[in-house]
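Spelled out, the chains give:
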There are 4 protein chains.
Amino acid sequence: MTDKRIGEECGVFAIYDPDGDCARSTYYGLYALQHRGQESCGIAVNKNRDISHYKDMGLVNDVFNEEILDKLEGTMAVGHVRYSTTGESMRENAQPLVLRYSKGNIAIAHNGNLVNKDRLMKELSVTGAIFQTTTDTEMIAYTIAKERLSTGSIEEAVNKTIDHLVGAFSMIVMSPQKLIAVRDPWGFRPLCMGRKGKAIIFASETCALDSIGAEFERELLPGEIVVVKGGEVRSITDHVNKHPHTMCIFEYLYFARPDSVIEGQSAHDSRMLAGKYLAQEYPVDADVVVGVPDSGLSAAMGYAEESGIPYGIGFVKNKYIGRTFIQPSQSMRENSVRIKLNVLKSTVEGKRVVMVDDSIVRGTTSKRIVNLLRKSGAKEVHVRSSAPPFMWPCYFGTDVPSRDQLVACNYSMEGIRELIGADSLGFLSIGALKKIIPDANCGYCDGCFSGKYPVEIE
Amino acid sequence: MTDKRIGEECGVFAIYDPDGDCARSTYYGLYALQHRGQESCGIAVNKNRDISHYKDMGLVNDVFNEEILDKLEGTMAVGHVRYSTTGESMRENAQPLVLRYSKGNIAIAHNGNLVNKDRLMKELSVTGAIFQTTTDTEMIAYTIAKERLSTGSIEEAVNKTIDHLVGAFSMIVMSPQKLIAVRDPWGFRPLCMGRKGKAIIFASETCALDSIGAEFERELLPGEIVVVKGGEVRSITDHVNKHPHTMCIFEYLYFARPDSVIEGQSAHDSRMLAGKYLAQEYPVDADVVVGVPDSGLSAAMGYAEESGIPYGIGFVKNKYIGRTFIQPSQSMRENSVRIKLNVLKSTVEGKRVVMVDDSIVRGTTSKRIVNLLRKSGAKEVHVRSSAPPFMWPCYFGTDVPSRDQLVACNYSMEGIRELIGADSLGFLSIGALKKIIPDANCGYCDGCFSGKYPVEIE
Amino acid sequence: MTDKRIGEECGVFAIYDPDGDCARSTYYGLYALQHRGQESCGIAVNKNRDISHYKDMGLVNDVFNEEILDKLEGTMAVGHVRYSTTGESMRENAQPLVLRYSKGNIAIAHNGNLVNKDRLMKELSVTGAIFQTTTDTEMIAYTIAKERLSTGSIEEAVNKTIDHLVGAFSMIVMSPQKLIAVRDPWGFRPLCMGRKGKAIIFASETCALDSIGAEFERELLPGEIVVVKGGEVRSITDHVNKHPHTMCIFEYLYFARPDSVIEGQSAHDSRMLAGKYLAQEYPVDADVVVGVPDSGLSAAMGYAEESGIPYGIGFVKNKYIGRTFIQPSQSMRENSVRIKLNVLKSTVEGKRVVMVDDSIVRGTTSKRIVNLLRKSGAKEVHVRSSAPPFMWPCYFGTDVPSRDQLVACNYSMEGIRELIGADSLGFLSIGALKKIIPDANCGYCDGCFSGKYPVEIE
Amino acid sequence: MTDKRIGEECGVFAIYDPDGDCARSTYYGLYALQHRGQESCGIAVNKNRDISHYKDMGLVNDVFNEEILDKLEGTMAVGHVRYSTTGESMRENAQPLVLRYSKGNIAIAHNGNLVNKDRLMKELSVTGAIFQTTTDTEMIAYTIAKERLSTGSIEEAVNKTIDHLVGAFSMIVMSPQKLIAVRDPWGFRPLCMGRKGKAIIFASETCALDSIGAEFERELLPGEIVVVKGGEVRSITDHVNKHPHTMCIFEYLYFARPDSVIEGQSAHDSRMLAGKYLAQEYPVDADVVVGVPDSGLSAAMGYAEESGIPYGIGFVKNKYIGRTFIQPSQSMRENSVRIKLNVLKSTVEGKRVVMVDDSIVRGTTSKRIVNLLRKSGAKEVHVRSSAPPFMWPCYFGTDVPSRDQLVACNYSMEGIRELIGADSLGFLSIGALKKIIPDANCGYCDGCFSGKYPVEIE
């Protein structure tokens, strides 16, 4: 789609490589994960137990240059990309969080969101804690630091910390001697492990492994802690199998890069399947199926394949993303979507068009695109969303807007159809979700669609 | 494709708008034309006969901000994006070229290349000319200035200037009172005209008109001069119909944005047709057709449609382009293509793949992509190029490399196939070119493929 | 002098102004205090209990612009300039430190150095504290946060915090409702208070009050806490008169701007007096007295006045300080001092010159300047230092180098004279120090000269 | 003084050095000449007849860095600093001007102003010239290029060019093989030559020679052309002795760095003498003499010496100059001078003060400083200007404001005194000017004071 609608909080990458250029590998890994966060990014490296780092606001390509990377020497590294939330961007929130505590330095990079962060913050505050960021990563760091006081090792402290955390967290902790990857017991967010020669790599998605030529080894189990020390890998599984595995289903539908494979399931294939079931649930007589780029394309192909209606390239999206994009003035506002997304007229002119998008959030963008198609000569526009309607907030690391902004909370299906100006409208059913991840060896969370969350919300 | 292979020199945009924010419209117009040049960009505006301007190295989004745009007030504007050639980037070469001469100020923005620039430079030098840039735009400016001495108006001077110029030039001249669009008598490069309310717009491609919501009116005729003064439009046609119209065929195949329509012919449709004829000329028994993004996608769809082999999304291209991209070190070089382009494994695994690309220049990138497909499990890889083999230099504004770098000049077809590791290989025939622009009311130049140029090369 | 020799850690500024533009006043105040720190700077403002801030590496003029200042609205503000220590500059260390704790937000800006920071850090660590900076400001913040848990107000917490701190600290704490200025019980670093209309201002030096047109009211007493809330000023004096007042004597001789008045004593007058006593202690038969800019000028005038030898302008210092200064290559190294400091030949040629500098630390710069004077035709060069020889480290916020680098620790007086190539050499005696601050109503610390410190060093 | 009052257009530096790092030497040379221009700067180098260059807006320290300097290799270099005129800054005007013409590349750096530039431009325009800058340097370049067509060498072309130029020009021309220094036949602006080993250097002022450790050799004669080719130095003197030598007297009084020696006369000594004669012409009974920094200091010392009144340090000037300085808002305007210039109260309090400044232009700044002194307790303030009153424009490269802005054109002496609030006022007499450069072997131009210009103004 043309403008960011639902954002995820982060992507993480980490590498242990006794021979290689860890910072550079992390740079490429983060570049592959850039879709998971564009606000800020950072890399921390560990050279002989000494941790140095660099982080700033901006894209990976803009923040880092040769000179900066050259200074980041080490045999372990952890990196992070962070999502640009609305409101004021805070440089303080950039990760990895690098800090000193009773046992030396650690760096932490975290993807996810804690459900109990207010309680955690309160508990920490009453012991005199101070907070310099607005991230829950800082609270996790505090908890680790506190637990470390009464445990014999950093991994034990991390293990005990898990007891305090409720919610989504895929994270990396780099201590003077160890690289530690952790995944929450529900497995909300992906986190995988790979190898390349002697190097051991962790990443939010497999596409980051591919980008540096590493082989995928396996996903971390929900609740698992993997400790890398001097090339040795050890797993701590005390928190494994404590909860059903509830992977975020929207990772498959939208967040993940289509070439990533999560829990054995290709994201692209999921989207194709979503399109396929959408065609079954909402068939229509039409001449062409087009997908709204980028994430509607796979579902559109699935819809086309299943329905037998030809697939067409319906849009061209302007791919040039600079540091600043000047918003159109009021007089040009109606036209604003066209600056970033144009219609391929010859594909749609005089045709009955099925327009497949990954989701419909507020409805305003869909309305503009439908209008664009009509202006370009589409005789009919049938809108299909490969995700069910958003009805509930997400508490696990994505920024689904509040209910008063969600079109599906405020309009009937017919009302939405009318609002966006479509000839017909269909959303994938919640029931179909289980069918779009046939290869995944896990359950899923569909709380934003169903309102049923795998943990109790405080 | 994954790395820029053949570059074009420029894109131009101009607007006369008595009511509107000309600089802002030009900003969006240039943003839509960004694919025609990423090295530098600039905007000159005319307010009450006074010309001011801003230009710098970089993308439109990076060079301009609100503050700069706000200062560029006026009722006429001309803008330019410039291609990043190899070698040292020169800020002096950024356009529009703004200068004073005997009759006041003018600004010139130019897309194209003169065949007789060495001769022109020599002729100007022996009268004492000095050159501050390395562009032929400066020579055009000189010629206009000289012709203006003996003519009664700027448009007459421009008209006489055409007599001195051989080659490709689509350009805009903004004088204190007039906006003048000019196209060379061969019509090598596109240049169209549009309207939006009282505003009159010129642009290299129709996609720029779309981006600001303007209506396409017509293309300039080859050799035509269109003069806008105070809302009045006048055409000078002394140089029209002097030569056959020879539009660059590679505009259709590669340069233009697929949503642009040139001389009545959609670029996307041309590419679809190229794919279709390619399927006829080089059929193959296979399981899936994939296009190399971005410009191979349309041709791949055409190939799939014609051949009946299913179309698949074969690749994911990393869309994040920052100011600087750090090249992989030697040890990672083999993997470099994967940083920007990854394979969708589930699309190609275990399959016989037809891989359609827009062209093959040096062969190195094709080799890497073929290799990537095989690593991802493709059983066979059949490469198809929707452009014929590059065999000759281009003298009209694109940077086809020298013959010693062109793979087709140095290898037989079988040699190229072997070099890139394909199971079979096919290039669109030169003969098919005439069939891919059925809606175009013009002839074309295919000099880079055929060695036959519409003008004599000095 | 020509290169920074002894650096101080910081300057602070704060303002309560119900009517005015607090951020802008702080900007000018920090600009006046820029000599106290050039590494980084920052401003935090409080608008209706909400604290926002901006800080970065660089000079005040480079970090802030109109747009940033305009966003920093509020009726209270606190600002900070930080000294550029050697080694890697850390953006994390920039101040004010803005944080959340059990009672909301606070911002802290601190000038000084704690003697017991290692112990403090240890004590905090064993309760599970994490540290994101390498400043003792963070430890102070922790201590305040902890004390606040068992006290009824922020000022009480600050009051209790003082019990934990040993060393130099002049600091500002801004809470949601209050602006609190604090000075350590020894009064090592200056901190004064002023008024302008309804506004109440705190600053490290009076020159910052002057710069915004405020009237000096008084210095804070050593150990005093001044609380500003809604225009009301209240003083807490529990820690006043606990220790003798030991103002850093080097503030008078070097750190403070000459136009600042500290504890009733003008810094310029102190330097004049130092020159005067230096003339008494080390008289010499000479033709001209020149001062090494900038801080040697006042002392040189004192020497001239007392000795009757004419004062002359001996040097021109290049005043252009950019973001980066490229150091001369090896072949130019001998000449390096001359790039920043040139001799006024006509002042010294053929003359016996008394060259007065503010201090001699390593001797290398003095050697270069003496050499420069001789090359310019000085017949004799008599070096006088208006500070006694540095013999000991400073633990209270300045970076006197280690003893192995201090020329006075490694050479006899005669040895130093020979090393720097002077005809004679004289340092102000330690005994004279008490005579150079006749108007000051305080004692002083001369630990770096005498090795006698007012607190025990752990 | 505290704000730039009269600006000069430029400073030039050039070096031929077969062994050395020419760009780096030029960098230091320009840094020493930074006071002659702060708007933009640039360096062009010549490596084996190939000229490359870098220039931008900003201070030398901000524009250049190691990376840029490292790329500027060569055995000849020419550099330029440009004065920041009001109005929009134009990057196009930055120098050296590097261009191609009939005989290859040349680079030109120019200090001065042509009286006949409008005529020159007209003459060039009617031959069809185009102008990309608003500098007269471009016209000089054109003239050289034209003359080169009918002459056998670049130096002959330069020699003939002089015939066309009326006004001030000290300039450097670098051709593929030669470095050519030229001075106008009146010798308005300084230009000297030095050596360091095999290197030959040209610079606007001797302080630039000092900064790189070069030995001063001689000034260029008015009208002289010095040609350096492969280490050989040749002088062309056809235009020498054509006019009386009329060096700009304000170079001595204000523009030149005090440590520079022009035509045998130290600038500092000139200012001392100006102060001395000022004391004779306008004696007063007072307690202390203070100079307004920076350029009033030397004259103040002269006044003090001659009058017997003690010299004092009266002001502290904030030396931190960043890229941007935010101007005070209206409510703070009255206080604005104090942000950059503060009074040393203890020097002036309760005293009758003689305040010596280098000149009085509009009177507004003097008024503010007088006011500042009174607020700081001065009992009387007697203002003395070491330059006569500005009454006429300068046509030779400085920006004396128009007559309606010059206080001396609009008020009587008594009126000015009253306006600035002084107890008495004195300007150096025009007659005394001849006595302040006793060591100079040249005449001078005092047109801005006397209205008598050495050339006819068109």
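Residues numbered from 1 in each chain as written. Chains lettered and ligands numbered in written order. Predicted model: local features only at pLDDT ≥ 70, side-chain atom pairs only at ≥ 80, totals over all residues. Heavy atoms only, no water.

1. Examining helix H15 (residues 413-420) of chain B
Residue and element names in this part refer to chain B.
- Within the span of H15, buried status applies to Gly415, Ile416 and Ile420. Seen end-on, H15 carries its buried residues on one side only, within an arc spanning 120 degrees.
- Elements in contact with the buried residues of H15: helix H13 (364-375), strand E22 (380-385), helix H14 (407-410) and strand E23 (424-427).
- Just past H15, the residue Gly421 takes up positive phi, approximately 75 degrees. (Buried < 20%, exposed > 50% of the residue type's maximum accessible area, 1.4 Å probe, protein only. Helix = DSSP H or I, 4+ residues; strand = E, 2+ residues; numbered from the N terminus. Arc of directions from axis to C-beta. Contact = heavy atoms within 4.5 Å.)

2. Describing the packing of aromatic side chains
- According to the stated counting rule, one finds 62 aromatic pairs over all chains in the structure shown.
- For the pair Phe250 of chain B and Phe449 of chain B, a centre-to-centre distance of 6.1 Å together with 75 degrees between the ring planes defines the contact as edge-to-face. Residue Phe250 of chain B is located in helix H8 (residues 249-255), and its partner Phe449 of chain B is located in helix H16 (residues 447-450); the two are separated by 199 residues in the primary sequence. When sorted by exposure, Phe250 of chain B lands in the same class as Phe449 of chain B, which is buried.
- Three or more aromatic residues joined by ring pairs form one cluster here, namely Trp186, Phe188, Tyr395, Phe396 and Tyr453 of chain A.
- One cation-aromatic arrangement involves Arg403 of chain D over Trp392 of chain D; the distance from NZ or CZ to the ring centre is 4.1 Å. (Phe/Tyr/Trp six-rings, centres within 6.5 Å; stacked < 30°, edge-to-face > 60°. Lys NZ or Arg CZ within 6 Å of the ring centre and 35° of its normal.)

3. Looking at the relation of the copies chain A and chain B
- Each copy superposes on the other: chain A lies on chain B with an RMSD of 0.1 Å after a rotation of 180 degrees and an axial shift of 0.0 Å. The symmetry that links the two subunits is that of a two-fold axis.
- Here 100% of the interface residues in chain A have copies in chain B that are interface residues too; the copies meet face to matching face. (Least-squares fit on C-alpha atoms with pLDDT ≥ 70 in both.)

4. Concerning the relation of the copies chain D and chain B
- If you rotate chain D by 180 degrees and push it 0.1 Å along the axis, it lands on chain B with an RMSD of 0.1 Å.
- The residues that chain D uses at the interface reappear at the interface of chain B in 100% of cases, marking a shared surface.

5. Here we look at the interface of chain D and chain B
- Residue-level contacts link 28 residues of chain D with 28 residues of chain B.
- Summed over both sides, the interface of chain D with chain B buries roughly 2,500 Å², with 50% coming from carbon and sulfur.
- Together, Arg100, Ile130 and Gln132 of chain D form the three largest contributors to the area buried by chain D at its contact with chain B, with a combined 29%.
- Applying the counting rule to chain D against chain B returns two salt bridges.
- With a shortest N-O distance of 3.4 Å, Asp56 of chain B and Arg91 of chain D are connected by a salt bridge. (Buried area = accessible area lost by both parts, 1.4 Å probe. Salt bridge = Lys/Arg side-chain N within 4 Å of Asp/Glu carboxyl O.)

6. Examining the packing of helix H5 (residues 136-148) of chain B against helix H6 (residues 154-162) of chain B
Residues and elements named next belong to chain B.
- Closest axis-to-axis distance for the H5/H6 pair is 8 Å, and the angle between their directions is 120 degrees. In terms of axis orientation, H5 runs oblique to H6. Viewed along their axes, H5 and H6 form a crossing whose handedness is right-handed. Where H5 abuts H6, its residues Ile140, Thr143, Ile144, Glu147 and Arg148 lie against Ile154, Ala157, Val158, Lys160 and Thr161.
- Across the contact of H5 with H6, the residue classes break down as five nonpolar, two polar and three charged. (Axes fitted to C-alpha atoms, helices over the stretch in contact; angles between N-to-C directions. Parallel < 35°, antiparallel > 145°, perpendicular 65-115°, else oblique. Left-handed = near helix turned anticlockwise from the far one by under 90°. Nonpolar A, V, L, I, M, F, W, Y, C, P; charged D, E, K, R; others polar.)

7. Quick word on the interface of chain A and chain B
- Between chain A and chain B, the residue contacts involve 58 residues of the former and 58 residues of the latter.
- Interface area for chain A against chain B, summed over the two sides, is near 5,200 Å², with a carbon-plus-sulfur share of 57%.
- When the area that chain A buries against chain B is broken down by residue, the three leading residues are Tyr31, Tyr320 and Ile326 of chain A, summing to 16%.
- Residues Arg338 of chain B and Asp210 of chain A are paired through a salt bridge, measuring 3.8 Å at the closest nitrogen-oxygen approach.
- Along the contact surface separating chain A from chain B lie 18 residue pairs in polar contact (both at pLDDT 80 or more).
- Its residues assigned to classes, the side of chain A that touches chain B comprises 24 nonpolar, 21 polar and 13 charged. (Polar contact = N/O pair within 3.5 Å; in protein donor to acceptor, adjacent residues only side chain to side chain.)

8. Remarks on unusual backbone geometry
- In this structure, the amide linkage connecting Gln95 of chain A to the following residue, Pro96 of chain A, adopts the cis form with an omega of 0 degrees.
- Position of Pro96 of chain A among the secondary structure elements: in the loop between strand E4 (76-82) and strand E5 (97-101).
- A positive phi is found at Asn241 of chain B, a non-glycine position, where the angle reads about 65 degrees.
- Examined against the element boundaries, Asn241 of chain B turns out to sit in the loop between strand E13 (232-236) and strand E14 (246-248).
- Asn241 of chain B gets classed as exposed once you look at its relative accessible area, which sits at 73%.
- The backbone phi angle of Asn48 of chain D is positive, close to 50 degrees, even though this residue is not glycine.
- Inspection of the secondary structure puts Asn48 of chain D in the loop between strand E2 (40-47) and strand E3 (50-57).
- A relative accessible area of 67% means that Asn48 of chain D is categorised as exposed.

9. What about the pattern of salt bridges?
Residue and element names in this part refer to chain A.
- Taken as a whole, this structure holds 104 salt bridges over all chains when the rule is applied.
- Residues Arg234 and Glu155 are paired through a salt bridge, measuring 3.0 Å at the closest nitrogen-oxygen approach. With Arg234 in strand E13 (residues 232-236) and Glu155 in helix H6 (residues 154-162), the pair connects residues that are 79 residues apart, well separated along the chain.
- In this structure Glu155 comes out as buried when scored by relative accessible area, which is 8%.
- Across the salt bridge formed by Arg417 and Glu414, the nearest N and O atoms sit 2.6 Å from each other. With Arg417 and Glu414 both in helix H15 (residues 413-420) and three residues apart, the pair spans about one turn of that helix.

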